[in-house]
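# Chain and residue survey
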Amino acid sequence: MSRKHTYQRPLAMTLRALVACALVLSCAMPSQLARAQDQAAEPAGQTAPDDSSAEQATPDAPSVAQAAPAEQAASGDASAAQAPAESTSPSKELVAAAALAPATDVAPQASRIDEILAGLPLKERIAQMIMPCFRTWNGTDVTELNEELAAALRSHQYGGVLLYGSNVKGAEQTARLISALQQNNAQIADVAHVPYLLPVDEEGGIVTRLSMGTRMNGSMAVGATGDEALANAISTGGVIGSELAALGFNADFAPDADVNNNPLNPVIGTRSFSDDPAKVAELAPAFARGLARSNVVGTFKHFPGHGDTAADTHIASGVAVDKTIDELRSCELVPFKAAIDGGADLIMTAHITLPKYDDEVTFGDGVTRGYFPATMSPKIMGELLRGELGYQGVIVTDALEMDAVSKAGLVPGEQGSVEYAANVAEKVIGAGVDILLLPRDLTNEDAATFYDEYIDAIAAKVEAGTVSEDRINESVRRILTLKDKYGILDTDTSGDNIDQVVERAKAVVGSDENHATERGIARQAVTLLKNDDLTLPASGHHGRRVLLGRVPADCVAIQSAVDDLIARGVVAENAHAVNRATGQESGDADSPVSIVIDYYYDPEAGASRVDGELAEEIRGADTTLAMTSTSGVGTLQDDSPLCQGVMSAMAIAHEAGGKFVLLSGNLPYDAARYQDSDAILLAYMSAGTGVDPTDRSAGNAGAFNANIAAAIGAVFDDVQPSGKLPVQIPRMVQGDDGSWSFDTASTLYERGFGLGFDYVVTEGAGQTYQAGSGLAAVFEANARHDLLSSVMVDGQGVAADDCSVTTGSTVLSLHDDYLDTLDAGEHSLTLSYDYPSGAVDVNTTFTVEKSNANMPSDNRGSSDMPKTSDPTLDVLPILIAALVLIAIGGAVYVIRRKRQ
């Protein structure tokens, strides 16, 4: 063998090895790089959509064909609802599946209804059109059926009875009372038996009768949940309907279909979903569809729309909506049109007047000219509702005992007399209305006699021809058809299964599942309007907080929220919490977090109490919160002690260098008055704050205020505000006389506005670490470190033993031995948190300085290259280095052999 061949063999072997390695790498690298790119592009944990929870559409379900907002929201390209874990809200696809008609909808049996009509004498047909109530009997709340009341009710075949809060004290008591009422009604002799229509005013929010049930959040809170509002409206109706049906109710005087476009409205307010007619047209029918799931009749109120009034028809007469018919068609009538097109079965009237539409009449004194309430107007009820809008269902009046009717002198007769009431009934029936609601409270034997004479007087009008018997028959037929449609005619009136009914009621009413739905919607509704200088969220693990209710009752709701936050670790376990209203105290006086719960208005003295000890607490606080409840401008005036309390607390907090948070508990319009607040949160409901939701001594969970609890949770970062304003908030201006009013021509916050929290590193951002100093780099963020999922430096995960989080706090430390391994220069820090509503990343930078160039700088001694978590890419530099060394070695070997 020649020397030349000897020299060439090692070189050829080396080259062949290099080529082989290159081929291997060229095959492996593209696929590995592609896989790494795919992994980077695909969100972690992403799964295919799960449609298994969507309901299937009922083939014969009525549609809301002309309600464009509902159609759009129900379209197939709508995204699925993303409610918090506690929420059981259905997805938007359920809109198409849920119908106003009950699940067991069948065609009315004409022969059956004719048979019942034939078995009802005239006076009992008139009675079928009357619905009394009995809050008390001889001054005592009616919680069970006494013999005197039972006999009074058996005197006539009333179409139904209405229960109030004084009748509803517990799940078992209510179920037994309703069963007794239906049994007693079935004992009426010599007439066809017709079970009662049994409604109750259960809107949720500030209007609720089931003190032991699930209060739910109120319509405006539902409207504030943005993209989830439609699903939440259905859920709200579903929860309320399930509890009503379990107790024996078969109808609900809800939802409210009024458009609250007047910030001065004292009676509708948060009972309305929005000031946008299209939004109300979308959500009110959705609420009714939820009720219908439990075979409960929904009632759209108050036709033709009570939203644009500055007075309450309960206590005022001649309350006018001064709009033309075209203006009404573009606003107030829109929700009712959508409801009618969707199959509405029951509509309630409003005692308002429409002077630009209706015909003028002469009142009872024979002299005064004016306009009848819509309830008594043939043009509004007949031409507009029955004619133009095409409604053929049942119309029920708002309560006829309200001042707008009973004290307005509209017809001849002395106020409170049978004559006056019967003359009102003549006009109501003539207008086309079917049910006369509550002409008088059935409270004693005198009231029972009133009803006997009232029915006699209406019958006399039929005989005299001033009331048409055909109209009576027409209304009774509508009422019977409604009862047949919802299975009410087949109600079991035996009472034999009452024990099973009671057990069912106890299981459903105020259930944990229903309260979870309520809490989920409350969390979605919290709206953040203002958050200067990152006032919120406030840490629950250090700092001093003062939380002020308006009155002592508010402190119960606030305390309940704080207790829950402490129990779940959102607020430090050893937090020193003192409730000045109740005397309750807990925690460690030396704790780094202090919470004082108090109230700023003394209802007995009618004065602000922000002075003395309370003022000192506010001066020492980092953050002071004050809760408000506004339903007009009266409490927003300078001379209002409620306004004075809020303003004083704000001034003291600011003078001491603290932050002030406004928690608007009712109508959101007060945000315009308290614009100097550092942060403003909206909760949309201030009722029920005096009920402790953990107290089940009454048999089941009481109705309480989940909205306030959610807003308090937002203060301490347990809830990320995601709510959107459902109404426009106008600016407030002060007149020359010093009074404050709304300037509706100038908008302060637009409908749909709502902020989220900005999460940042509040301390330690941009700091410089000196290598070898032995000190940690400390960072503080305004985010919850109990939800911290990962710490990344320069895109690489930091191991658990290289950093630490102060237990329960927002303070993160990067250890010095880890920092010493980093290169000199600027580095990025990313903190990732797993909030229930989604991931949150907080980013900042820091700098490492090294005075000794020989100090370790090798990323813990492994490599100067960053780790990618991909084995092929991570070993690539090593393979290349090895190949280079092999090549150099081969060349050296060849050269040496040549020299030999």
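Coordinates for the structure precede this section.
Residues numbered from 1 in each chain as written. Predicted model: local features only at pLDDT ≥ 70, side-chain atom pairs only at ≥ 80, totals over all residues. Heavy atoms only, no water.

### A look at the sheet that holds strand β27 (residues 788–793)
Strand order in this open sheet of five strands is β25-β32-β31-β27-β28, and the pairing throughout is mixed. Both outer strands of the open sheet, β25 (768–770) and β28 (796–797), are each paired with one neighbouring strand and no more. One ladder, built from 11 bridges, connects strand β31 (residues 825–835) with strand β32 (residues 838–849); its direction is antiparallel. In the strand pairing of β32, D834 is matched with A839. (Pairing = 2+ DSSP bridges. Helix = DSSP H or I, 4+ residues; strand = E, 2+ residues; numbered from the N terminus.)

### A few points about the pattern of salt bridges
All chains considered together, the criterion is met by 48 salt bridges. In this structure, the salt-bridge partner of D201 is K301, at a minimum N-O distance of 3.3 Å. With D201 in the loop between α7 (171–186) and α8 (219–223) and K301 in strand β6 (residues 300–303), the pair connects residues that are 100 residues apart, well separated along the chain. As far as burial versus exposure is concerned, D201 and K301 are alike and both buried. (Salt bridge = Lys/Arg side-chain N within 4 Å of Asp/Glu carboxyl O. Buried < 20%, exposed > 50% of the residue type's maximum accessible area, 1.4 Å probe, protein only.)

### Observations concerning the nonpolar core
Counting residues in each nonpolar core, the largest one holds 142 residues, and the members touching the most others are F303 and Y454. Excluding residues that lie within four positions of it along the chain, F303 makes contacts with L333, F336, I347, M348, T349, A350, A374, I380, M381, L384, L385 and L389. Membership of the second largest hydrophobic core comes to 65 residues, among which are A679, I712, V793 and V840. (Core = buried A, V, L, I, M, F, W, Y, C linked by side-chain atoms within 4.5 Å. Contact = heavy atoms within 4.5 Å.)

### Some thoughts on the sheet that holds strand β29 (residues 803–805)
Pairing between sheet strands relies on hydrogen bonds along the backbone, with the strands arranged either parallel or antiparallel. If you walk across this open sheet you meet the four strands as β24-β26-β30-β29, and the pairing is antiparallel. On the outer flanks of this sheet lie β24 (761–763) and β29, each paired with one strand and no other. In this sheet, neighbouring strand axes are inclined to one another by 35° on average, regardless of whether the strands run parallel or antiparallel. As paired strands, strand β26 (residues 777–781) and strand β30 (residues 811–814) are joined by four bridges and run antiparallel to one another. What sits directly across from E780, in β30, is V811. (Axes fitted to C-alpha atoms, helices over the stretch in contact; angles between N-to-C directions.)

### Focus: the side chain of D252
With respect to the secondary-structure elements, D252 resides in strand β4 (residues 251–252). At 6.6 Å, K301 is the nearest oppositely charged side chain to D252, a buried residue that forms no salt bridge. Among the polar contacts made by the side chain of D252, one reaches the main-chain amide nitrogen of E202 at a distance of 3.0 Å. Residues within four places of D252 in sequence aside, it is in contact with V200, D201, E202, I240, L244, F287, L291, V296, V297, G298 and T299. (Lys, Arg positive; Asp, Glu negative; His and termini not counted. Polar contact = N/O pair within 3.5 Å; in protein donor to acceptor, adjacent residues only side chain to side chain.)

### Regarding the side chain of E426
Relative to the elements of secondary structure, E426 occurs in helix α15 (residues 418–431). Reaching out from E426, the side chain makes a polar contact with the side chain of K461 at a distance of 2.7 Å. Apart from the residues within four sequence positions on either side, E426 is in contact with K461, T466 and V467.

### Comments concerning the environment of F660
Secondary-structure assignment places F660 in strand β20 (residues 659–664). When its relative accessible area of 0% is taken as the criterion, F660 is described as buried. When the C-alpha positions of F660 and M650 are compared, they lie 5.8 Å apart, and in sequence the two are 10 residues distant. Once residues within four sequence positions are removed from consideration, F660 is found in contact with T624, A626, V646, A649, M650, A653, H654, S677, D678 and A679.

### Considering the packing of helix α9 (residues 229–247) against helix α18 (residues 498–508)
Interaxial distance between α9 and α18 falls to 8 Å at its minimum, and their mutual angle equals 160°. Classified by the interaxial angle, the pair formed by α9 and α18 is roughly antiparallel. Our pair here, α9 against α18, has a crossing hand that is left-handed. Between α9, through S242, E243, A246 and L247, and α18, the contact on the second element is made entirely by V501, R504, A505 and V508. (Parallel < 35°, antiparallel > 145°, perpendicular 65-115°, else oblique. Left-handed = near helix turned anticlockwise from the far one by under 90°.)

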